[in-house]
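Structural overview
Here is how the chains run, residue by residue.
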Amino acid sequence: MPFPVRDALGLSAEQHDFIRLARDFAAAEIRPRARAVDDAQTESPLDLWDKAARTGLAAFMIPAEFGGGGVTDMVTQVLVQQELCHGDIGIGNLLTSSGFFADPVLELGTQAQKERWLRPLTTDTPPLTALAVTEPDHGSDAAGIRTRAVRDGDHYVLSGQKAWISNAPYAQRFVVFATVDPSLRARGVTAFVIDRDTPGLTVGKPM
Ligand SMILES: Cc1cc2nc3c(=O)[nH]c(=O)nc-3n(C[C@H](O)[C@H](O)[C@H](O)COP(=O)(O)OP(=O)(O)OC[C@H]3O[C@@H](n4cnc5c(N)ncnc54)[C@H](O)[C@@H]3O)c2cc1C
C-alpha cells in the first residue's frame with residue numbers, strides 16, 4: 001500500500017525498517033490479542049512486552065549511546081507508534097512506555113544518571129517503568145501539582161498522591177514529579193527517580 005505522506009517526508013531506509021518492524025509486530029502479535037485484553041479490562045499482556053523488548057521495539061527511542069535503537073526524531077517515533085497502535089492503542093502504548101520514563105531522564109539527568117537509569121531499559125529483559133505527573137486534582141495544569149518534596153539531610157521526603165499513571169501496577173521504577181514550593185508553580189517542580197520498593201510507596205488498584 002502506498003504512503004504518499006511518508007514518501008514526501010523522505011524517510012531513510014533505516015526509518016522504513018523500524019516502521020515495517022512495528023507494522024509486522026502489530027499484525028502478528030498485537031491485533032490477535034487486542035480483543036481479549038480489552039475484554040479483561042485491567043490486564044496487560046506482559047508477554048508481549050517481553051517479545052517487544054527482544055525485537056528492539058521497546059527501546060527503539062532510546063539513544064544509541066545507551067544501547068537503544070537511536071530513533072530520537074519525533075517523526076519516526078510517531079510513525080512507529082502509529083503502526084503499533086493500529087494493532088491496539090493500549091498495548092501499543094505499553095510497548096513503548098520506556099519513552100515516557102526516559103525523556104525526563106534524558107532532558108534533566110546527569111551523564112551518570114542517564115547511564116544508571118537508561119542502560120537497563122535497552123537490555124533483552126528491561127524493567128517496566130512509569131512517569132508520574134498527574135494528580136487527582138491536577139491534570140493539564142501540571143505546574144499546579146501538590147506532591148511535596150522536602151529536603152531532609154542528604155535525601156528528600158516526598159508526600160502526595162498521583163493518578164492515571166500508566167504501568168503503575170507493574171512498574172519497577174517511576175519518574176515522579178513533585179514541588180519544593182507550590183507557590184513557585186513550574187519553577188518549583190522537580191523530578192525524582194523512585195524504585196518500587198521505596199519505603200512508603202504504595203500503588204492502588206488499576207482503573
Ligand atoms: C489512558 C491514560 C493514561 C495516562 N497515563 C498517564 C501517565 O502515565 N502519567 C501521568 O502523569 N498522567 C497520565 N495520564 C493523565 C493525563 O496526563 C491527564 O488526564 C491529562 O493531563 C489531563 O488531565 P485531566 O484528566 O485532569 O483533565 P483536566 O486537566 O481536568 O482537563 C479537562 C478538560 O478541560 C480542558 N482544559 C484544561 N485546562 C484548560 C485550559 N486552561 N483551557 C482550555 N481547556 C482546558 C482539557 O483540554 C480537557 O478537555 C493518563 C490519562 C489517561 C486517560
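Just so you know, these numbers come straight off a predicted model, no measurement behind them.

When its secondary structure is counted, the protein chain shows seven helices and five strands. From first element to last, N terminus to C terminus, the protein chain shows the α and β order α-α-α-α-α-α-α-β-β-β-β-β. Computed over its C-alpha atoms, the radius of gyration of the protein chain comes to 18 Å, within 12% of the 17 Å expected for a compact globule of 207 residues. The dimensions of the protein chain, computed from C-alpha atoms along their principal axes, are 60 × 40 × 30 Å. Among the 207 residues that make up the protein chain, the fraction classed as buried is 39%. A separation threshold of at least 6 residues defines the contact pool for the protein chain, and within that pool the share at least 24 residues apart is 63%.

Side chains of Tyr156, Val180 and Leu184 sit close together on the surface and give an oily, nonpolar patch of about 220 Å² of accessible area. Structurally, Leu184 is set in the loop between strand S4 (173-179) and strand S5 (189-195).

Counted by the stated rule, this structure contains two aromatic pairs. For the ring pair Phe18 and Phe60, a centre distance of 6.2 Å and an interplane angle of 40° mean the geometry is tilted. Note that Phe18 is positioned in helix H2 (residues 13-39) and Phe60 in the loop between helix H3 (46-55) and helix H4 (74-87), a separation of 42 residues in sequence. Here Phe18 matches Phe60 in class, with each residue buried.

A few words now on the domain arrangement of the protein chain. Here the protein chain is partitioned into domain 1 (4-122) and domain 2 (129-195). Using only C-alpha atoms to locate each centre, domain 1 and domain 2 end up separated by 24 Å. Counting from both sides, the interface comprises 15 residues of domain 1 and, opposite them, 11 residues of domain 2. Contact between domain 1 and domain 2 buries roughly 990 Å² in total, counting both sides, with carbon and sulfur atoms accounting for 72%. At the boundary of domain 1 and domain 2, one finds zero salt bridges. When residues in the side of domain 1 that touches domain 2 are grouped by element, the largest group, six residues, is from helix H6 (residues 98-108). Broken down by class, the residue content of the side of domain 1 that touches domain 2 amounts to 10 nonpolar, four polar and one charged.

With that settled, the discussion passes to unusual backbone geometry. Even without glycine at this site, Gln41 takes up a positive phi of about 70°. Mapped onto the elements of the fold, Gln41 is located in the loop between H2 and H3. Taking relative accessible area as the criterion, Gln41 reaches 66% and is therefore assigned exposed. Although it is not a glycine, Arg185 adopts a positive phi angle of roughly 50°. When you line up the elements, Arg185 lands in the loop between S4 and S5. In this structure Arg185 comes out as partly exposed when scored by relative accessible area, which is 41%.

One can find Ala168 in the loop between strand S3 (155-159) and S4. Owing to a relative accessible area of 13%, Ala168 belongs among the buried residues under this scheme. Spatially, the C-alpha atom of Ala168 lies 35 Å from that of Leu11, the residues being 157 residues apart in sequence. Look past the residues within four positions of Ala168 in its chain and what remains in contact with it is Phe174, Arg196 and Val203.

We now examine the side chain of Glu135. Summarising the element assignment, Glu135 is placed in the loop between strand S1 (129-132) and strand S2 (148-152). Within the local environment of Glu135, its side chain forms a polar contact with the side chain of Lys162, the two groups lying 3.0 Å apart. The contact partners of Glu135, leaving out residues within four places of it in the chain, are Ile145, Arg146, Thr147, Gln161, Lys162 and Ala163.

How each quantity is defined
- Chains are numbered independently. Their residues run from 1 in the order of the written sequence.
- Totals for whole chains, interfaces and linings use every residue, but because this is a predicted model, local features are given only for residues with pLDDT of at least 70 and side-chain atom pairs only at 80 or more, for both listing and counting.
- To obtain the side-chain values, all non-hydrogen atoms of the structure were used and water was disregarded.
- For helices the rule is a DSSP run of H or I covering at least 4 residues; for strands it is a run of E covering at least 2, with both sets numbered from the N terminus onward.
- We compute the radius of gyration over the C-alpha atoms and compare it with the globule rule, which gives 2.2 Å times the number of residues raised to the power 0.38.
- Note on classification: 1.4 Å probe, protein chains only; a residue is buried when its accessible area is under 20% of the maximum for its type, exposed when over 50%, partly exposed between these limits.
- The criterion used for residue contact is that any of the two residues' heavy atoms lie within 4.5 Å.
- The patches described consist of residues with a relative accessible area above 30% and no salt bridge, like charges being joined within 9 Å and nonpolar side chains (Val, Leu, Ile, Met, Phe, Trp, Tyr) within 5 Å.
- Areas reported as accessible are Shrake-Rupley estimates using a 1.4 Å probe. Residue values count occlusion only from the protein chains shown.
- Definition used for salt bridges: Asp or Glu carboxyl oxygen within 4 Å of a side-chain nitrogen of Lys or Arg.
- Ring geometry is summarised as follows: Phe, Tyr and Trp rings, the Trp one being its six-membered ring, pair when their centres sit within 6.5 Å, and such pairs are stacked at plane angles under 30 degrees, edge-to-face over 60 and tilted between the two.
- The source of the domain bounds is an automatic or database domain assignment.
- Accessible area that two parts lose when put together, evaluated with a 1.4 Å probe and summed over both, is termed the buried area.
- Three residue categories are used. Nonpolar comprises Ala, Val, Leu, Ile, Met, Phe, Trp, Tyr, Cys and Pro, charged comprises Asp, Glu, Lys and Arg, and polar comprises the others, including Gly.
- Each polar contact in these results corresponds to two N or O atoms within 3.5 Å; when the atoms are within protein, one needs to be able to donate a hydrogen and the other to accept it, and residues that are neighboring in sequence are counted only if both atoms are side-chain atoms.

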